[in-house]
Amino acid sequence: MSTERVNPPDLSPPTGFSHAVVATGTRLVFLAGQTALDTDGKVVGETLPEQFEVALTNLLTALRAAGGAPADLARVTVYATDVADYRAQAPELGRIWRELAGRDYPAMAVIGAARLWDEQALVELDGFAVLS
């Protein structure tokens, strides 16, 4: 698989995402929404950064089980129950992302959600990857 991150100078500089990702490969992996569920199906973590770390770990676990790696992510959507809190916590969330997934950022969006499937969940991530 090859990816090319496209960040045109005519757009604002991206921070923690890429404006576009051109991906070529032979397999698409669609990743279901992941929250901060532990192996018993319980939401863990009280704060947004704690839950974000677990949700991202869960997303990457599913990706690795399908034969992929973080650099294969072409698109990730983040659903947050409090976008203002997400923006305020962005530096910490970025640190967590870089620690777990590196600096090959996919195309991303953050969408505000009134609530998620599990009431205690503060954040959910889904996405897709392109594998060779």
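- Looking at an unreviewed UniProt entry, one finds the protein chain named RidA family protein, with Streptomyces sp. R41 as its source organism.

## Brief notes about the environment of Y105
Step number 1: If you trace the backbone, Y105 turns up in the loop between α3 (90–101) and β5 (107–112).
Step number 2: Residues Y105 and D38, 67 residues apart in the sequence, show an inter-C-alpha distance of 25 Å.
Step number 3: Beyond its immediate chain neighbours, meaning those up to four positions away, Y105 contacts R5, G16, F17, S18, V21, W97 and R98.

## Some remarks on the packing of aromatic side chains
Step number 1: Across all of its chains, the model carries 2 aromatic pairs by this definition.
Step number 2: A centroid spacing of 5.9 Å and a plane angle of 40° characterise the contact between F30 and F128, whose relative ring orientation is tilted. Taken together, the residues F30 in strand β3 (residues 27–34) and F128 in strand β6 (residues 123–131) connect sequence positions 98 residues apart.
Step number 3: Given a relative accessible area of 62%, F30 falls into the exposed group.
Step number 4: For F128, a relative accessible area of 28% puts it in the partly exposed group.
Step number 5: Centroid distance F52 to Y86: 6.3 Å. Interplanar angle 70°. Geometry classified as edge-to-face. You can see F52 sitting in helix α1 (residues 48–65) and its partner Y86 sitting in helix α2 (residues 83–88), a full 34 residues away along the chain.
Step number 6: Overall, F52 belongs to the buried group, its relative accessible area being 2%.

## Considerations on α1
Owing to its 3.6 residues per turn, the α-helix aligns residues three or four sequence positions apart on the same side.
Step number 1: With 18 residues, α1 extends 25 Å from end C-alpha to end C-alpha; this agrees with the ideal 26 Å at 1.5 Å per step.
Step number 2: When α1 is considered as a whole, its buried residues turn out to be L48, P49, Q51, F52, A55, L56, N58, L59, L60 and L63.
Step number 3: In the stretch just after α1, G67 is the one whose phi turns positive, near 95°.

## Quick word on the environment of V76
Step number 1: Positionally, V76 belongs in strand β4 (residues 73–80).
Step number 2: As for V76 and L93, which are separated by 17 residues in sequence, their C-alpha atoms are 14 Å apart.
Step number 3: In this view, V76 contacts L59, W97, P106, A107, M108, A109, L125, D126 and G127; residues no more than four positions away in its chain are not counted.

## Quick notes on the sheet that holds β4
Step number 1: Pairing in this open sheet of 4 strands is mixed, and the strands run β3-β6-β4-β5 from one edge to the other. One side of each edge strand has no neighbouring strand; the edge strands of this open sheet are β3 and β5. Adjacent strand axes in the sheet meet at a mean angle of 10°, parallel and antiparallel pairs treated alike.
Step number 2: Across 6 bridges, β3 lies against β6 in antiparallel orientation. Following the sheet pairing, V29 is matched in β6 by A129.
Step number 3: Packed onto the sheet, α1 meets β3, β4 and β6 and runs at close to 30° relative to β6.

## Observations regarding the nonpolar core
Step number 1: With 24 residues, the main nonpolar core has F52, L73, V76, W97 and L125 as its most contacted residues.
Step number 2: For this core, the secondary structure elements donating two or more residues are β3, α1, β4, α3 and β6.
Step number 3: The dominant element in this core, judged by the number of residues it contributes, is α1, at 7 residues.

Scoring rules and cut-offs
Every chain is numbered on its own, with residues counted from 1 as its sequence reads. Reporting in this predicted model follows two pLDDT cut-offs: at least 70 for local features of residues, and 80 or more for side-chain atom pairs to be given and counted; totals over whole chains, interfaces and linings ignore these cut-offs and use all residues. Each side-chain value is derived from all of the structure's non-hydrogen atoms; neither hydrogens nor water enter the calculation. Secondary structure elements follow DSSP: runs of H or I no shorter than four residues count as helices, runs of E no shorter than two count as strands, and numbering proceeds from the N terminus. In what follows, residue pairs with any heavy atoms lying within 4.5 Å of each other are defined as contacts. Note on aromatic contacts: the rings of Phe and Tyr and the six-membered ring of Trp form a pair at centre separations within 6.5 Å, being stacked when their planes are under 30 degrees apart, edge-to-face when over 60 apart, and tilted otherwise. A 1.4 Å probe rolled over the protein chains alone gives each residue an accessible area, and that area as a share of the maximum for its type sets the label: buried under 20%, exposed over 50%, partly exposed in between. What a helix should span is 1.5 Å times the count of its residues minus one. Pairing between two strands is assigned when DSSP locates at least 2 bridges connecting them. The angle between two axes is taken between their N-to-C directions and runs from 0 to 180 degrees, where each axis is a line fitted to C-alpha atoms and a helix contributes only its stretch in contact. Take the buried residues of types Ala, Val, Leu, Ile, Met, Phe, Trp, Tyr and Cys, join any two whose side-chain atoms come within 4.5 Å, and each joined set is a nonpolar core.

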